[in-house]
Amino acid sequence: FHFEEGHGVTQNYQEAFDWYSKAAAQNHAGALFSLGLLHLEGHGVEKNRQKAFELLTKAREHGDIFAHIYLDRIKETSWLYEPARRKLGMACPH
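(A) Structural view of the packing of helix H2 (residues 13–24) against helix H3 (residues 29–41). Their axes nearest at 8 Å, the elements H2 and H3 cross at an angle of 140°. Relative to H3, the element H2 is oriented oblique. Where H2 crosses over H3, the two elements pack in a sense that is left-handed. Note on element contacts: H3 touches H2 through Ala 31, Leu 32, Ser 34, Leu 35, Leu 38 and His 39, opposite Tyr 13, Ala 16, Phe 17, Tyr 20, Ser 21, Ala 23 and Ala 24. Of the residues in the contact of H2 with H3, the class split is 10 nonpolar, 3 polar and no charged.

As structure tokens, this is what we get:
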């Protein structure tokens, strides 16, 4: 978080990405969420909406409420929802 936001250290998205990745590998919900946002924004990593969707989904599965909110927004705006659901083999509700 400190590297992503620049709190007490120089802002460094790559460093944030590296630390979030380590924590996400252990299924830390907050790290999965933050890593998903880095993929969504293209900070410290190439922008990848599909990967962001996957990470946010995993974060939600591990109890992150913010991931739940973001996924609801994705569903409402449909900017990724339909293609991602097709790729994951899930029926689209609309």
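That shown, we press on.
(B) Looking closely at the nonpolar core. Judged by nonpolar contacts, the single largest core of 19 residues is most densely connected at Tyr 20, Phe 33, Leu 35, Leu 38 and Leu 56. Among the secondary structure elements, those contributing two or more residues to this core are H2, H3, helix H4 (49–61) and helix H5 (65–77). No other element matches H3, which puts 7 residues into this core. Residue contacts for Leu 35: discarding those within four places in its chain leaves Phe 17, Tyr 20, Ser 21, Ala 24 and Leu 55.

(C) The side chain of Asp 64, seen in detail. Of note, Asp 64 is situated in the loop between H4 and H5. Salt bridges are absent for the buried Asp 64, whose nearest opposite-charge side chain, Arg 60, sits at 9.7 Å. Setting aside its immediate chain neighbours within four residues, Asp 64 contacts Ala 29, Gly 30, Phe 33 and Ala 59.

(D) Quick peek at H4. Taking 1.5 Å of rise per residue, the 13 residues of H4 would be expected to cover 18 Å, and the 18 Å separating its terminal C-alpha atoms lies within 8% of that figure. Buried within H4 we find Gln 50, Ala 52, Phe 53, Leu 55, Leu 56, Thr 57 and Ala 59. Capping of H4 at its N-terminal end is provided by Asn 48; its side-chain oxygen lies 3.1 Å from the backbone amide nitrogen of Gln 50. Looking one or two places after H4, you find Gly 63, whose phi comes out positive at around 95°.

The rules behind each value
- Residues numbered from 1 in each chain as written.
- Predicted model: local features only at pLDDT ≥ 70, side-chain atom pairs only at ≥ 80, totals over all residues.
- Heavy atoms only, no water.
- Axes fitted to C-alpha atoms, helices over the stretch in contact; angles between N-to-C directions.
- Helix = DSSP H or I, 4+ residues; strand = E, 2+ residues; numbered from the N terminus.
- Parallel < 35°, antiparallel > 145°, perpendicular 65-115°, else oblique.
- Left-handed = near helix turned anticlockwise from the far one by under 90°.
- Contact = heavy atoms within 4.5 Å.
- Nonpolar A, V, L, I, M, F, W, Y, C, P; charged D, E, K, R; others polar.
- Core = buried A, V, L, I, M, F, W, Y, C linked by side-chain atoms within 4.5 Å.
- Buried < 20%, exposed > 50% of the residue type's maximum accessible area, 1.4 Å probe, protein only.
- Lys, Arg positive; Asp, Glu negative; His and termini not counted.
- Salt bridge = Lys/Arg side-chain N within 4 Å of Asp/Glu carboxyl O.
- Expected span 1.5 Å × (residues − 1).
- Polar contact = N/O pair within 3.5 Å; in protein donor to acceptor, adjacent residues only side chain to side chain.

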